[in-house]
Amino acid sequence: MVGGTFTNKRMNTLPISLTLATLAVSLFFLGASVDFVVAKEKDMPKHKNTTKHKTLRGYFYWFVCIVALLMSLGSSLAAAAQEEEFRRGGELHVALPFKPNHLNPAVQSGTFTGIPGSQIFASLLRVDRKWNYHPYLAEQWKIAEDGLSYTFHLRRGATFHDGKPITSEDVAFSILAVKKYHPFSSMLAVVTHIETPTPYTVVVHLKQPHPVLLLVAASPMLPIIPKHIFGNVRNLKTHPANWKPVGSGPFQFVEFNDQKIVLERYKDFFLPGKPYLDRVVFKIMQDKTIQVAFETGLVHLQGFNSDLIASTKLAALKHIKIDYDGYAGVGPIRFLLFNLGKSPFDDLRVRQAIAYSMDRNFLAETIFKGRVPAVTGPIYPGTQFYWDDVQRYDIDIERANKLLDEAGYLRDAKGIRFSTTIDAGANQGGYYNEVFEYLRMELLRNIGVNIRIIYNKTFSDYAKRLSNREYALAFVNYYNWGDPVIGVHRIYSSKNIRKGLMFSNMTGYRNTKVDSLLEQAEVEMNVKKRKALYVEFQRIIAREIPAYSLMALSFATIYHQRLGGLNSSIWGTMFPYDEVYFKK
């Protein structure tokens, strides 16, 4: 299962060399200084304490040398201690609680496509946890002074998994494909055309400056896909290669079925010596079995875990580690969606009545044990564009009932105003069951709304009902994806009402003022002006609530203590595993 060992010296050889060089130079100058002083003293008049002074000088000289030597050895040992021997090879088992619809992130949003997709496909750039950009398929990039064009210079010699070279034509094709098919249409809406002056040069032209293009280029949402494979059909969403993809990432496709996704090391990966692992197997399993799988060693890694009960229990195991960092680019928020195309939720008074009947703070502090904060809108709290001075809908049962009376939904003899349904995602248990039951009981008891919960058996069933707007109410998680242009605009822009496309505008919300604010924010490069646009946007959304924001989610990465190389991304576990390894 595991091959030969090697030592990771990426960060340590240089400090050791510098330490030794510093020691040598220090000793040279110390010796030279003492020699100079002694030479000068030969020309000075003799004093009775000269011998004593020479002895002290000698002691001082050797004391300084010994201190310098100890400091050098200490630095060298500390640097050497940072070296970590780890094994090249091995098979990584990753838990996936859902089977993805397919494996092509160019036309499908969601973490369950993005996690394996980041291994199969490569993006132009990478971004670390400090939001710094790094080369990946693109070695260099340049932004024009007017902000209307971006030039990317590609690595030479990079190939797809079928051996065909990656060229600028593939990059241009991929960008236009994502613009056309991806649910987050706003992230590339300003792209007008793309030039490919050489096989390794791509020039992306924009109609207006775009504040997030580099972030998109460093995200799982813009994989570079082969034109010679995906360019031969009219509808990329139904291409057979989505289920048997050919990419250029560190791992190539082997198998995909209801139980697992199997990838193996691509030996001609464009970064020499990588990936370190031989194989990555994504095991598709229900949440209730994942905890046992970690306990018994059947899986080594799971990202995007929001089961607070399971993560707390697993944290007590000696061989398991939990990391809650690394999701800054995700920004997950739990929403209650209203289908605005169905009565009674096309009536604002009904939506507001339900909001006044739900206690977001109770959900966050009691059911979720204070691990997640309540939120007031669609932008993730703590980010630069978040604004909470909006209509809040603090619990007000009297007002909720008055609104429903005004809307004409009066109680019958049994106290029921109307009955409806709420869709729950597949495999959602634990705390989420408590949320469903809380909502069902509170709405029935407080305002006479009778709710039946629909538990979808698979993610595909859930996605079909939501994206085709067959639901009435639904719980869903939307992610901010690093910037509102990428993750928030898609929820509310009327241009993104696209039937059958999951995580688009699935409420059917239309507001020309909101569309205008979002369009301005897409091109505004001044942060203060962008924030002002988003403040007004959040106030409108809080008042009209096409989707009611409940809480900011907390994700955990659960992993075996022998795993290294995980702490490198803002996208949770949706990053290339080319530097992931098993420790010796």
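Below is a short write-up of the structure. Computed from a predicted structure; not experimentally measured.

Quick look at the pairing of strand E18 (residues 473–479) now. With 7 of 7 residues buried, E18 is to be regarded as a mostly interior element. Of the two faces of E18, the one carrying Leu473, Phe475, Asn477 and Tyr479 and the one carrying Ala474, Val476 and Tyr478 are both buried. As defined by bridge partners, strand E15 (residues 332–338) adjoins E18 across 7 bridges and the pair is classed as antiparallel. In the strand pairing of E18, Leu336 is matched with Phe475. Across 2 bridges, strand E16 (residues 418–424) lies against E18 in parallel orientation. Counted as the bridge partner of Asp423 is Ala474 from E18.

Taken together, the 4 strands give an open sheet; going across it, the order is E6-E7-E9-E8, and neighbouring strands pair in antiparallel fashion. The open sheet is flanked by strand E6 (138–143) and strand E8 (191–198), the only strands paired with a single partner. If you compare each strand with its neighbour and ignore which way they point, the axes differ by 20° on average. Looking at chain direction, E6 and strand E7 (residues 149–154) are connected through 5 bridges and run antiparallel. Considered in E7, the bridge of Ala138 is made with Leu154. Each of E7, E8 and strand E9 (201–206) is contacted by helix H4 (residues 168–181), which is oriented at about 170° to E8, the strand it contacts most.

Let us now look at the sheet that holds E18. Across the sheet, 5 strands lie side by side as E17-E16-E18-E15-E19; this open sheet has mixed pairing. Because the sheet does not close on itself, it has two edges, and the strands there are strand E17 (449–455) and strand E19 (547–552). Between one strand and the next, the sheet's axes are offset by a mean angle of 30°, whatever the strand orientation. Taken together, the 5 bridges between E15 and E19 define a ladder with antiparallel strand orientation.

Moving on to the packing of aromatic side chains. Applying the stated criterion across every chain yields a total of 31 aromatic pairs. Ring centres 4.7 Å apart and planes at 55° place the aromatic pair Phe98 and Phe112 in the tilted group. Highlighted residues: Phe98 in the loop between strand E3 (91–96) and helix H3 (111–120) and Phe112 in helix H3, separated in sequence by 14 residues. Each member of the pair Phe98 and Phe112 is classed as buried. Aromatic side chains Phe304 and Tyr479 sit 6.3 Å apart centroid to centroid with 15° between the ring planes, which places their arrangement in the stacked category. Here Tyr479 lies in strand E18 and Phe304 lies in strand E13 (residues 301–305), a separation of 175 residues in the sequence. Judged by relative accessible area, Tyr479 falls into the buried class, the value being 11%. Lying over the aromatic face of Phe256, Lys99 brings its terminal NZ or CZ to 5.5 Å of the ring centre.

Below, the discussion takes up helix H10 (residues 360–367). For H10, the set of buried residues is Arg360, Leu363, Ala364 and Ile367. The buried residues of H10 occupy one face: seen down the axis, they fall within an arc of 120°. Looking one or two residues beyond H10, the residue adopting positive phi is Lys369, at roughly 55°.

What follows is about the packing of helix H9 (residues 348–356) against helix H11 (residues 397–406). Axis separation between H9 and H11 bottoms out at 8 Å; the angle between their running directions is 160°. In this view, H9 runs roughly antiparallel relative to H11, as classed from their interaxial angle. The crossing of H9 and H11 is left-handed. Residues Arg349, Val350, Gln352, Ala353 and Tyr356 of H9 pack against Ile397, Arg399, Ala400, Leu403, Leu404 and Glu406 of H11. Of the residues assigned to the contact of H9 with H11, the class counts are 7 nonpolar, 1 polar and 3 charged.

Let us look at the environment of Ile416. Summarising the element assignment, Ile416 is placed in the loop between H11 and E16. When the C-alpha atoms of Ile416 and Asn450 are compared, they prove to be 6.7 Å apart, with 34 residues separating the residues in sequence.

Cut-off values and rules
Residues numbered from 1 in each chain as written. Predicted model: local features only at pLDDT ≥ 70, side-chain atom pairs only at ≥ 80, totals over all residues. Heavy atoms only, no water. Buried < 20%, exposed > 50% of the residue type's maximum accessible area, 1.4 Å probe, protein only. Helix = DSSP H or I, 4+ residues; strand = E, 2+ residues; numbered from the N terminus. Pairing = 2+ DSSP bridges. Axes fitted to C-alpha atoms, helices over the stretch in contact; angles between N-to-C directions. Contact = heavy atoms within 4.5 Å. Phe/Tyr/Trp six-rings, centres within 6.5 Å; stacked < 30°, edge-to-face > 60°. Lys NZ or Arg CZ within 6 Å of the ring centre and 35° of its normal. Arc of directions from axis to C-beta. Parallel < 35°, antiparallel > 145°, perpendicular 65-115°, else oblique. Left-handed = near helix turned anticlockwise from the far one by under 90°. Nonpolar A, V, L, I, M, F, W, Y, C, P; charged D, E, K, R; others polar.

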